[in-house]
Amino acid sequence: DANLDTSIFSDRESEVRSYSRNWPVVFDTAKGAKLTTVDGDDYLDFFGGAGALNYGHNDDDMKAALLEYVQRDGVTHSLDKYTVAKRAFLETFTSNILEPRGLDYKVMFPGPTGTNAVESALKLARKVTGREAIINFTNSFHGMTLGSLSVTGNSMKRAGAGIPLVHATPMPYDNYFGGVTEDFQWMERVLVDSGSGMNRPAAVIVECVQGEGGINAARAEWLQALDALCKRHEILLIIDDVQMGCGRTGEFFSFEFAGITPDIVTLSKSIGGYGLPLALTLFRRDLDEWTPGEHNGTFRGNNMAFVTAEVALRKYWSDDELQNRTLENGRILRERFSPLVYKHQGKLELRGRGMAFGIAFLENPELAQQVMARCFDHKMLVETAGPSDEVVKFLAPLTLTDDERDRGIEICYEAVDNVLS
Ligand code: PMP
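Per an unreviewed UniProt entry, the recorded name for the chain is Diaminobutyrate--2-oxoglutarate transaminase, and the organism is Dietzia psychralcaliphila. Annotation of the chain in UniProt includes, under Pathway (unreviewed entry), the sentence "Amine and polyamine biosynthesis; ectoine biosynthesis; L-ectoine from L-aspartate 4-semialdehyde: step 1/3." The Cofactor (unreviewed entry) field of the UniProt record for the chain holds the comment "pyridoxal 5'-phosphate".

This is the structure:
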């Protein structure tokens, strides 16, 4: 059957391809939390485009706005010229997201994707402080370009790329060892002691929940202590919200629950709303020391993504409904999987916040791969994460129905129980 043929991929596409190896079928259409193959098989999507599909596939209102825009020959490619689509996006982002939270960030469009936002954040921090070094964290992930990869706390991901461009010092993330006080006592000591050999950093870059690192959720106290440390030493705090932003943890920004206001924030993935590429770097007004054209790029600010993003912000962030639902669904996931933690004592750990949810296999990392495979056999897509890929990671659309949520829980519950039995 020519429809099912995948030979062009293995012949022609680089060996760098990854997801397709776990899910070797050809997808054709998608709606909400459902992905359909060319031969008509429906898959329940708890992978969620690695965080890019918080509002599911092909949302009706975003699609209608996009079709209308394309139909009337709305500008698609504009670099950073002023457009009607960009204006509408900025207005809605200001009124629905920034102002209700008392945030007065300047907004920059650094390029099409998450790693571009991280690069621009690192560059800006270095420029405004005149310092070079960056503090990052164990198990962090910030992107695949040389700068963002240099501050990624995973030596395996960096291995092929040679010497890091940016001098990054990895510090222990929350719960890596010890508690809040111990971590910060030694971080502070290393910072102020010239004998530690550490260069005074320009910035700290951190995820409030580490996505690729295995759904490690930092506690509010830990983030507050980090924020205080940064303020005491005039180090800029960059929160990388590329994966956990746009409501994944409940609130729009993953740092809101801790009551902190970072100096710089990166956003991408779900900000475009429709799976279209868009990235934002937000920063304190007084940090806007860029000179015109100092960080540019051909595909910064995609107008079609502005159109769908604006609908997403208007439709889903005009009230607290999505936030409440996300927190509630997060509680339900934890509650429903808890019996497995008791049944298989010492073998599993549930992690996360809101709809960033992980099931970690503490003894045998390979079981997570087996769960992913078994879920696929039962027509469900879940990804694995963590340094040994030992965590089954859920990034289901926040808009999934109760029925889809329950079906996903059922399939995955059976898979976890099965591989441990
Ligand atoms: N930062 C974080 C926290 C991410 O999870 C990712 C992507 N997984 C990136 C940056 C890089 O984003 P992109 O893949 O769009 O370049």
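There is more to say after this.
Novice: Could you clarify how one ought to interpret the site of the ligand in this entry?
Specialist: The environment of the ligand is made up of 15 residues, and the closest members are Thr113, Gly114, Thr115, Val242 and Gln243. Of the residues forming the shell around the ligand, the biggest block, 3 residues, is contributed by helix H6 (residues 114–129). Partitioned by chemical class, the residues of the shell around the ligand number 4 nonpolar, 8 polar and 3 charged.

Novice: Can you walk me through the nonpolar core in this structure?
Specialist: If you look at soluble globular proteins, the nonpolar side chains tend to sit buried side by side. Counting 110 residues, the largest nonpolar core has Ala125, Val204, Ile238 and Val382 as the members making the most contacts within it. Sort the elements by how many residues they give to this core and helix H11 (residues 303–316) lands first, with 9 residues. With near-sequence residues (within four places) excluded, Ala125 lies in contact with Ala202, Ala203, Leu236, Ile238 and Ile264.

Novice: Could you clarify how one ought to interpret the domain arrangement of the chain in this entry?
Specialist: Reports of interface size often rely on the accessible area that becomes lost once the parts have come together. Examined at the domain level, the chain breaks down into domain 1 (2–59 + 321–420) and domain 2 (74–316). On a C-alpha basis, the centres of domain 1 and domain 2 stand 25 Å from each other. Between domain 1 and domain 2, the contact holds 28 residues from the first and 25 residues from the second. When residues of the side of domain 1 that touches domain 2 are assigned to their parent elements, the largest contribution, 5 residues, is made by helix H12 (residues 321–343).

Novice: Please clarify how the packing of helix H5 (residues 84–98) against H11 should be interpreted in this entry.
Specialist: Between two packed helices, the angle of one axis relative to the other and the distance separating the axes together describe the packing. For the pair H5 and H11, interaxial distance at closest approach is 8 Å and the crossing angle is 30°. The angle between the axes of H5 and H11 places the two elements in the roughly parallel class. Handedness of the crossing formed by H5 with H11: left-handed. Facing Ala85, Lys86, Ala88, Phe89, Thr92, Phe93, Asn96 and Ile97 of H5, the residues of H11 in contact are Asn303, Phe306, Val307, Ala309, Glu310, Leu313 and Arg314. Broken down by class, the residue content of the contact of H5 with H11 amounts to 9 nonpolar, 3 polar and 3 charged.

Novice: Sorry, what's going on with the packing of helix H4 (residues 60–71) against H11 here?
Specialist: Two numbers describe how H4 lies on H11: the axes approach to 9 Å, and their chain directions differ by 145°. Relative to H11, the crossing made by H4 is right-handed. Counting all contacts with H4, which are made through Asp61, Met62, Ala65, Leu66 and Tyr69, the residues of H11 involved are Met304, Val307, Thr308, Val311, Ala312 and Lys315. Residues that form the contact of H4 with H11 fall into these classes: 8 nonpolar, 1 polar and 2 charged.

Novice: Just to check I follow, could you spell out the sheet that holds strand E17 (residues 391–394) for this structure?
Specialist: Pairing between the strands of a sheet is mediated by backbone hydrogen bonds and can be parallel or antiparallel. Read from one edge to the other, the open sheet built from 4 strands follows the order E13-E14-E17-E16, with strand pairing classed as antiparallel. Edge positions in the open sheet fall to strand E13 (348–353) and strand E16 (383–385), since each of these has one partner strand only. Each neighbouring strand pair of the sheet contributes to a mean axis angle of 30°, computed without reference to strand direction. Relative to E17, E16 is paired through 3 bridges, and the arrangement is antiparallel. The residue bridging Ala385 from the neighbouring strand is Val391, located in E17. Contacting E13, strand E14 (356–361) and E17, H12 crosses the sheet at an angle of about 175° to E13.

Novice: How should I be thinking about the confidence of the model for the chain in this particular structure?
Specialist: Low pLDDT means the predicted atomic positions in that stretch should not be read closely. Averaged over every residue, the pLDDT of the chain is 96; residues scoring 70 or more account for 100%. Interface confidence in the predicted complex, given as ipTM, is 0.99; pTM for the same model is 0.97.

Novice: Sorry, what's going on with the pairing of strand E2 (residues 34–37) here?
Specialist: On any regular strand, side chains alternate: one points to one face of the sheet, the next to the other face. Summarising the sheet, strand E1 (residues 27–31) and E2 pair through 4 bridges and their orientation is antiparallel. The partner of Thr29 across the bridge, within E2, is Thr36. Between E1 and E2, which pair antiparallel one after the other, the connecting turn spans 2 residues, and Gly32 there sits at a positive phi close to 55°. Looking at chain direction, E2 and strand E3 (residues 42–45) are connected through 3 bridges and run antiparallel. Note on E3: the bridge partner recorded for Thr36 is Asp42. Here E2 folds back onto E3 in antiparallel fashion, the turn holding 4 residues, of which Gly40 has a positive phi close to 90°.

Rules used in this analysis
- Residues numbered from 1 in each chain as written.
- Predicted model: local features only at pLDDT ≥ 70, side-chain atom pairs only at ≥ 80, totals over all residues.
- UniProt positions renumbered as here; feature names shortened; annotations may be inferred.
- Near = placed C-beta within 6 Å.
- Helix = DSSP H or I, 4+ residues; strand = E, 2+ residues; numbered from the N terminus.
- Nonpolar A, V, L, I, M, F, W, Y, C, P; charged D, E, K, R; others polar.
- Core = buried A, V, L, I, M, F, W, Y, C linked by C-beta atoms within 7 Å.
- Buried ≥ 20, exposed ≤ 12 C-beta atoms within 10 Å, placed from the backbone.
- Contact = placed C-beta atoms within 7 Å.
- Domains from an automatic or database assignment.
- Axes fitted to C-alpha atoms, helices over the stretch in contact; angles between N-to-C directions.
- Parallel < 35°, antiparallel > 145°, perpendicular 65-115°, else oblique.
- Left-handed = near helix turned anticlockwise from the far one by under 90°.
- Pairing = 2+ DSSP bridges.
- pLDDT = per-residue confidence, 0-100.

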